[in-house]
Amino acid sequence: MMSTKTTPLPLLANTPVHARLELFAKKMHFCCHTFNFEKVNIELKEKELKRIYLTEIIHFMEESKGILIEPIYAISFAMFCRNVFRSLPPKNPDYDPDEDDPISDPAWPHLQLVYSFIVRVLESPDFQPSEAKQFIDHKFVEHLIEMFSSDDINERECLKTVLHRIYGKFLGLRSYIRGEVNNKFLEVIYEDLSFPGATEILEVMGSIINGYACPLKHEHIHFLFSVLLPLHTSSKLQQFQAQLVYCVVQYLEKDPSLTEKFTKRFLKLWPKTVTSKEVMFLGELEEIIDVMQPAEFLKVQEDIFLRLAKCIKCEHFQVAERALYFWDNEYIVSLIEVSAAQILPLVLSSLISVSNHHWNKTITSLAANILKNFMSGNQKFFTKMVMTMKSKKQSEKERAERSKELWRSLEEQAAMNRKIENSSSVLEEK
């Protein structure tokens, strides 16, 4: 605990120019002290003084030029580390970020200013990565990534900005940052780790992926298939799905040759029991198709529409509705029209079944409209497909009846054989 008799330092604006840098360093040194905000009535003067100093040094950093010299780098990052890199409170297992009020760190009045200051440093025209690299090293990156575990969304937004600036400024750290992100997401995937910062880190990765040069490096493609794809299996997918989809789409736009492999593997991960997750998968599938080139679509159209046919017949109306909404997408409809002869047989049975028997009237109406559009597009072809489907169903029915009859005759023959065996046994005993 600091002494309550701390004497306030003079204002930087009222200090001679030649003494301002030294005073600036003293104020940052004072800001290295952290306070216990859980005890609201303790060290009130010191807490307020630190807030004033932080506000002042932020303004001084914005207004001054040529102040970023080696000692200032040292005290700046020391102050940041002392305030930010700390033990986070234990997680509340009952906390739901979608339902409960946002969590805010009690020390946020100070932390917010510390983050603002370090961002000003990183964005300063005078900032020299070669001078700062001794302070921003691998250990610094590790601690920074760990702090994304904070439940305070405001802090994670600040961490996102800091990480993004460091990635942009320090070329030598880029590979290491990607490696640390990779490791953290592997924990999320294989240990089902609750990691609040997944959303913000994926936002950073989305920007990074957007800047990748083509052809993509093996390391970058490996991240797509070994990290981003398995992330779809996370039980926390809902928290970061939008950002995950953005990253995936960036990859497929940059290198269309990845589309077939990714789409087929993505479809194999399709959820079996969680309908809300199935709706999310349908949304992502539509976004993937939106960026597909027609040639790539032809390679995966059968896999896609076999899955959609199953979704259309789902008893859960949200799944069926989301699948039927694919026909509201003009680009997807244009792709279907080109390959109608291959796609219609895959979904026709499901559409007819749902239009006649689904319990939800909205679903029956949507399915009926799709069938009507198919019919109006090429009635002769549509009629032929319906007749083919009916013929196929009749053949299947006849085959099932023949199979049933065969089993019945086999059972009768087996029963007869048992009677003969029993009769033989009785005669032998006599």
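Residues numbered from 1 in each chain as written. Predicted model: local features only at pLDDT ≥ 70, side-chain atom pairs only at ≥ 80, totals over all residues. Heavy atoms only, no water.

Participant: Give a detailed account of the overall build of the protein chain, specifying residues and quantitative values.
Facilitator: Within the protein chain one finds 19 helices and zero strands. Rg of the C-alpha trace for the protein chain: 33 Å, well past the compact-globule value of 22 Å for 430 residues, more than 25% over. Each principal axis of the C-alpha distribution contributes one length, and for the protein chain these read about 120 × 70 × 45 Å. The burial tally for the protein chain puts 44% of its 430 residues in the buried class. Taking as baseline every contact in the protein chain between residues at least 6 positions apart, the subset at least 24 positions apart corresponds to 74%. When the accessible surface of the protein chain is totalled, it reaches about 23,600 Å², and 53% of it is carbon and sulfur. Placing the 52 positive and 58 negative side-chain charges of the protein chain at their respective mean positions leaves the two points 3 Å apart. (Helix = DSSP H or I, 4+ residues; strand = E, 2+ residues; numbered from the N terminus. Rg over C-alpha atoms; globule rule 2.2 N^0.38 Å. Buried < 20%, exposed > 50% of the residue type's maximum accessible area, 1.4 Å probe, protein only. Contact = heavy atoms within 4.5 Å. Areas by Shrake-Rupley, 256 points an atom, 1.4 Å probe, with all protein chains shown as cover. Lys, Arg positive; Asp, Glu negative; His and termini not counted. Charge placed at Lys NZ, Arg CZ, Asp CG, Glu CD.)

Participant: Residues and numbers for a nonpolar patch on the surface, please.
Facilitator: A cluster of nonpolar side chains, namely Leu 406, Trp 407 and Leu 410, defines an oily patch on the protein surface of about 340 Å² accessible area. Note on Trp 407: relative accessible area 54%, which makes it exposed. (Patch = residues over 30% accessible without salt bridge, like charges linked within 9 Å, V, L, I, M, F, W, Y side chains within 5 Å. Salt bridge = Lys/Arg side-chain N within 4 Å of Asp/Glu carboxyl O.)

Participant: Now, about the packing of helix α4 (residues 108-123) against helix α7 (residues 153-169): what can you tell me, with residues and values included?
Facilitator: Running from N to C, α4 and α7 cross one another at 15 degrees; their axes reach a closest spacing of 10 Å. Comparing the axis directions of α4 and α7 gives the class roughly parallel. The chirality of how α4 crosses α7 is left-handed. Side by side, α4 and α7 meet where Trp 108, Leu 111, Tyr 115, Ile 118, Val 119, Leu 122 and Glu 123 of the first sit next to Asn 154, Glu 155, Cys 158, Leu 159, Thr 161, Val 162, Arg 165, Ile 166 and Lys 169 of the second. Its residues assigned to classes, the contact of α4 with α7 comprises 10 nonpolar, two polar and four charged. (Axes fitted to C-alpha atoms, helices over the stretch in contact; angles between N-to-C directions. Parallel < 35°, antiparallel > 145°, perpendicular 65-115°, else oblique. Left-handed = near helix turned anticlockwise from the far one by under 90°. Nonpolar A, V, L, I, M, F, W, Y, C, P; charged D, E, K, R; others polar.)

Participant: Lay out unusual backbone geometry in plain terms, naming residues and giving numbers.
Facilitator: Put simply, Cys 214 and Pro 215 share a cis peptide bond, and its omega is 5 degrees. Looking at the element boundaries, Pro 215 is found in the loop between α9 (198-210) and α10 (218-228).

Participant: Can you tell me about the environment of Phe 281, naming the residues and giving the values?
Facilitator: Note that Phe 281 resides in helix α13 (residues 275-290). The class of Phe 281 is buried, set by a relative accessible area of 1%. In the structure, Phe 281 is positioned 11 residues away from Trp 270 in sequence and 7.2 Å away in space, judged by C-alpha atoms. Leave out the neighbours within four places in its chain, and Phe 281 touches His 232, Leu 237, Phe 266, Leu 269, Trp 270 and Pro 271.

Participant: Provide a residue-level description of the pattern of salt bridges, including the pertinent values.
Facilitator: Applying the stated criterion across every chain, the model contains 18 salt bridges. Between Glu 48 and Arg 51 there is a salt bridge, and its shortest N-O distance comes to 2.5 Å. One end of the pair is Glu 48 and the other is Arg 51, both in helix α2 (residues 44-63) and three residues apart, which spans about a single turn. Residue Glu 48 is classed as partly exposed on the basis of its relative accessible area, which comes to 34%. The exposure class of Arg 51 is partly exposed, given its relative accessible area of 33%.

Participant: Residue-level account of the packing of aromatic side chains, with values.
Facilitator: Enumeration over the complete set of coordinates arrives at 21 aromatic pairs. Look at Phe 80 and Phe 85: their rings are 5.7 Å apart centre to centre, the planes differ by 80 degrees, and that puts the pair in the edge-to-face class. Pair check on accessibility: Phe 80 and Phe 85 agree, each one buried. Taken together, the aromatic side chains of Phe 77, Phe 80, Phe 85, Trp 108, Tyr 115, Phe 135 and Phe 140 make up a single cluster linked through ring pairs. The ring of Phe 195 is capped by Lys 184, whose NZ or CZ atom sits 5.2 Å from the centre of that ring. (Phe/Tyr/Trp six-rings, centres within 6.5 Å; stacked < 30°, edge-to-face > 60°. Lys NZ or Arg CZ within 6 Å of the ring centre and 35° of its normal.)

Participant: Break down the nonpolar core for me, citing the residues and quoting the values.
Facilitator: It is characteristic of soluble globular proteins that their nonpolar side chains tend to be buried jointly. Phe 24, Phe 77, Ile 166, Phe 185, Leu 228, Leu 231 and Ile 304 are the most contacted members of the largest nonpolar core, which totals 130 residues. Take this core: its biggest share by element is 10 residues, from α4. Excluding residues that lie within four positions of it along the chain, Phe 77 makes contacts with Ile 118, Val 121, Leu 122, Phe 127, Ala 132, Phe 135, Ile 136 and Phe 140. (Core = buried A, V, L, I, M, F, W, Y, C linked by side-chain atoms within 4.5 Å.)

Participant: Which residues make up helix α8 (residues 174-190), and what are the values?
Facilitator: For α8, spanning 17 residues, the distance from its first C-alpha to its last is 24 Å, which sits close to the expected 24 Å at 1.5 Å a residue. Those residues of α8 that fall on the buried side of the exposure criterion are Tyr 176, Ile 177, Arg 178, Glu 180, Val 181, Asn 182, Lys 184, Phe 185, Val 188 and Ile 189. Along its buried surface, α8 packs onto α6 (138-146), α7, α9 and α10. Note on α8: the residue one or two positions beyond its end, Asp 192, has a positive phi of about 50 degrees. (Expected span 1.5 Å × (residues − 1).)

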